[in-house]
Amino acid sequence: MSEPFRRIAVNTGGGDAPGLNAVIRAVVVSALHRGWEVVGIRDGYNGLMTPEAYPEGGLIELTRDSVRGITHLGGTILGTTNRGSPIAYPTQTPDGEWIETDRSDELVEKLNAMDIDALVAIGGDGSLAIAHVLAKKGVRIVGVPKTIDNDLAETVVTFGFDSAVTFAAEAVDRLHSTAEAHDRVMVVEVMGRYAGWIALYAGVAGTADAILIPEIPYDIEKVADRVRERVERGRDFAIIVVAEGAHPIDGERSVVGKAVGQQERLGGIGHRVAEQLAELTGKETRAVVLGHLLRGGGPTTLDRLLALRFGAAAVRAVAEGCYGCMVALDPPTVRYVPLSSAIARMKTVPLDSDTMLTARNLGISFGD
Ligand code: F6P
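Now for a description of the structure that goes with this document. (Residues numbered from 1 in each chain as written. Predicted model: local features only at pLDDT ≥ 70, side-chain atom pairs only at ≥ 80, totals over all residues. Heavy atoms only, no water.)

1. Thoughts on the pairing of strand S7 (residues 141-145)
Okay, step 1: In terms of burial, S7 is a largely internal element, 5 of the 5 residues being buried.
Okay, step 2: Side chains Ile-141, Gly-143 and Pro-145 project from S7 onto one buried face, and the interleaved Val-142 and Val-144 project onto a second face that is buried too.
Okay, step 3: Summarising the sheet, strand S6 (residues 118-123) and S7 pair through 5 bridges and their orientation is parallel. Note that in S7 the partner of Leu-119 across the bridge is Ile-141. (Buried < 20%, exposed > 50% of the residue type's maximum accessible area, 1.4 Å probe, protein only. Helix = DSSP H or I, 4+ residues; strand = E, 2+ residues; numbered from the N terminus. Pairing = 2+ DSSP bridges.)

2. Regarding the side chain of Thr-147
Okay, step 1: Relative to the elements of secondary structure, Thr-147 occurs in the loop between S7 and helix H5 (161-182).
Okay, step 2: For Thr-147, a relative accessible area of 11% translates into the label buried.
Okay, step 3: A distance of 2.8 Å separates a polar atom in the side chain of Thr-147 from the backbone nitrogen of Asp-149.
Okay, step 4: Dropping the residues within four chain positions of it, Thr-147 is found in contact with Leu-152, Thr-158, Phe-159, Gly-160 and Phe-161. (Polar contact = N/O pair within 3.5 Å; in protein donor to acceptor, adjacent residues only side chain to side chain. Contact = heavy atoms within 4.5 Å.)

3. Description of helix H6 (residues 197-205)
Okay, step 1: Of all 9 residues in H6, 7 are buried; the element is thus mostly enclosed.
Okay, step 2: In this fold, the buried residues of H6 make contact with H5, strand S8 (185-190), strand S9 (210-212), strand S10 (238-243) and helix H11 (354-361).
Okay, step 3: Following H6 by one or two positions, Thr-207 adopts a phi angle in the positive range, close to 50°.

4. Description of the sheet that holds S10
Okay, step 1: Ordered by their spatial adjacency, 4 strands build an open sheet running S9-S10-S8-S13, and the pairing between neighbours is parallel. Edge positions in the sheet fall to S9 and strand S13 (285-289), since each of these pairs with one other strand and no more. In this sheet, adjacent strand axes meet at a mean angle of 20° when their direction is disregarded.
Okay, step 2: In this structure, S8 lies alongside S13, joined through 5 bridges in parallel fashion. Opposite Val-188, over in S13, you have Val-288 as the bridge partner.
Okay, step 3: Sitting on the sheet, H5 is in contact with S8, S10 and S13, with an inclination near 150° to S10. (Axes fitted to C-alpha atoms, helices over the stretch in contact; angles between N-to-C directions.)

5. Focus: the environment of Gly-267
Okay, step 1: Tracing the sequence through the fold places Gly-267 in the loop between strand S12 (265-266) and helix H8 (269-281).
Okay, step 2: Through-space distance from the C-alpha of Gly-267 to that of Leu-128 is 25 Å; in sequence the pair is 139 residues apart.
Okay, step 3: In this structure, Gly-267 is in contact with Glu-189, Ser-254 and Val-256, ignoring residues within four places of it in sequence.

6. Some thoughts on the layout of surface pockets
Okay, step 1: The space that makes up the second largest pocket amounts to roughly 220 Å³.
Okay, step 2: Around the second largest pocket sit 14 residues that line it, and Val-157, Asp-162, Leu-302, Asp-303 and Leu-306 are the ones nearest its centre.
Okay, step 3: Of all the elements in the fold, those that place two or more residues in the lining of the second largest pocket are H5 and helix H9 (301-319).
Okay, step 4: When residues of the lining of the second largest pocket are assigned to their parent elements, the largest contribution, 5 residues, is made by H9. (1 Å grid on protein atoms, 1.4 Å probe; cavity = no way out; pocket = protein on both sides within 12 Å on 5 of 7 lines; lining within 4 Å. Points joined across faces, edges and corners; volume = space filled by probe spheres on them.)

7. Re the sheet that holds S6
Okay, step 1: Reading across the sheet, the 7 strands line up as S3-S2-S1-S6-S7-S14-S15 and stay open at both edges, with mixed pairing between neighbours. Pairing within the sheet leaves two strands with one partner each, and these edge strands are strand S3 (59-61) and strand S15 (333-338). For this sheet the average axis-to-axis angle between neighbouring strands, irrespective of direction, equals 30°.
Okay, step 2: Those strands touched by helix H4 (residues 125-136) are S6, S7 and strand S14 (325-330), and its axis lies near 165° from that of S7.
Okay, step 3: Strands in contact with H9 are strand S1 (7-12), S6, S7, S14 and S15; relative to S14, the strand with the most contacts, it is inclined by about 140°.

8. A short note on the site of the ligand
Okay, step 1: In the vicinity of the ligand, the contacting residues are Asn-82, Ile-148, Asp-149, Met-191, Gly-192, Arg-193, Glu-244, His-292 and Arg-295.
Okay, step 2: In this structure, an oxygen atom belonging to the ligand sits 3.4 Å away from a main-chain N or O atom of Gly-192.
Okay, step 3: Here an oxygen atom of the ligand sits 2.9 Å away from a polar atom, N or O, in the side chain of Arg-193.
Okay, step 4: Computed on the free molecule, the ligand has an accessible area of 400 Å², of which 81% lies beneath the protein chains in the complex.
Okay, step 5: In terms of residue class, the shell around the ligand is made up of 2 nonpolar, 3 polar and 4 charged. (Near = heavy atom within 4 Å. Areas by Shrake-Rupley, 256 points an atom, 1.4 Å probe, with all protein chains shown as cover. Nonpolar A, V, L, I, M, F, W, Y, C, P; charged D, E, K, R; others polar.)

9. Looking at the packing of aromatic side chains
Okay, step 1: Counted according to the given criterion, the structure contains 3 aromatic pairs.
Okay, step 2: Residues Phe-159 and Phe-310 carry aromatic rings whose centres are separated by 6.5 Å and whose planes lie at 70° to one another, so their mutual orientation is edge-to-face. Of this pair, Phe-159 sits in the loop between S7 and H5 while Phe-310 sits in helix H9; the two residues are 151 residues apart in sequence, bridging distant segments of the chain.
Okay, step 3: By relative accessible area, Phe-159 is classed as buried at 0%.
Okay, step 4: Exposure remark for Phe-310: the relative accessible area of 0% places this residue in the buried category.
Okay, step 5: Summarising the aromatic geometry, the rings of Phe-161 and Tyr-201 are spaced 5.2 Å apart at their centres and angled 70° between planes, so their arrangement reads as edge-to-face. Here Phe-161, found in helix H5, pairs with Tyr-201, found in helix H6; they are 40 residues apart in sequence, far enough to count as distant.
Okay, step 6: Ring-pair connections join several aromatic residues into one group, and the members of that group are Phe-161, Trp-197 and Tyr-201.
Okay, step 7: Directly above the aromatic system of Tyr-89 lies the positively charged group of Arg-103, at a separation of 4.2 Å from the ring centroid. (Phe/Tyr/Trp six-rings, centres within 6.5 Å; stacked < 30°, edge-to-face > 60°. Lys NZ or Arg CZ within 6 Å of the ring centre and 35° of its normal.)

See the structure below:
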């Protein structure tokens, strides 16, 4: 059966995650094997929406040479952005106010004008929501789930998560010795806006004393109790892992700001918890924010393999005519799921999951 495709596009959107380049390579090489051409769109959709900003063009022809030797590299050769979503584009009104407007129709026209037969969109919740809107407008699109936060539904795991957890666990390991040497409480803040996957996995693997996650509003007194219990047992130091989206029972998430066309920015919870624990326990505390270190660097072997599997599966999905879908890990296979169900909910940590039970069985406090 001959395939109707000639030219597909690929882009990367939202915050970067280790493994993006591996997906790009798998998409490009698999598509070239089928005799298709592949173009990359620069910086999410910016290469199409604002081509004038790119003197060398907003689209890049992707050849075997362009994707040589990139599987193990962090970042994305196409660039990415988490600003200027085409469905919530920052636009200034005549009276100077900034509002978000939907420019998806314009984007569909631009895709058609570029003779792009299908698009592989690699991204997180925001990018997949854009992909869903485009799919409803007739764009032949396949999504690839990416986020270090692992909060995307319908896939057991996203690529980037293992790399982030591996780095965070190593950081926790390193903090143990300095915490013990100084008899300090070390608070480690990790990314995780609405879901505490990174904090939970790194905290359990790194044998933290308390883990604070968005799913369980915490009582700081309970966390302080855990520190005091340790001190009574002669363990004069403690490690507390905090997800950036964690919040106290009677408080809100720690939001730094929100710009038009962007998600709100979080930050500050680690320092707040450290200050409160110092006050409540009388112990010396320090806060370490791992932040973007978790997104930087190359992918772990697990993430590389998952990213390559996702990229190859996305091209198979295009070839099989499965549009408006997302590739998803459902061990032992990668299957296709509707984008609508992937974006319908956020995958938070199930409180009765085995990893949560393990943490509780090991005596780790969640501040509840
Ligand atoms: O990729 C998701 C994420 O890592 C969140 O955990 C974090 O809040 C956000 O990205 C930060 O993104 P940026 O600083 O790039 O806007």
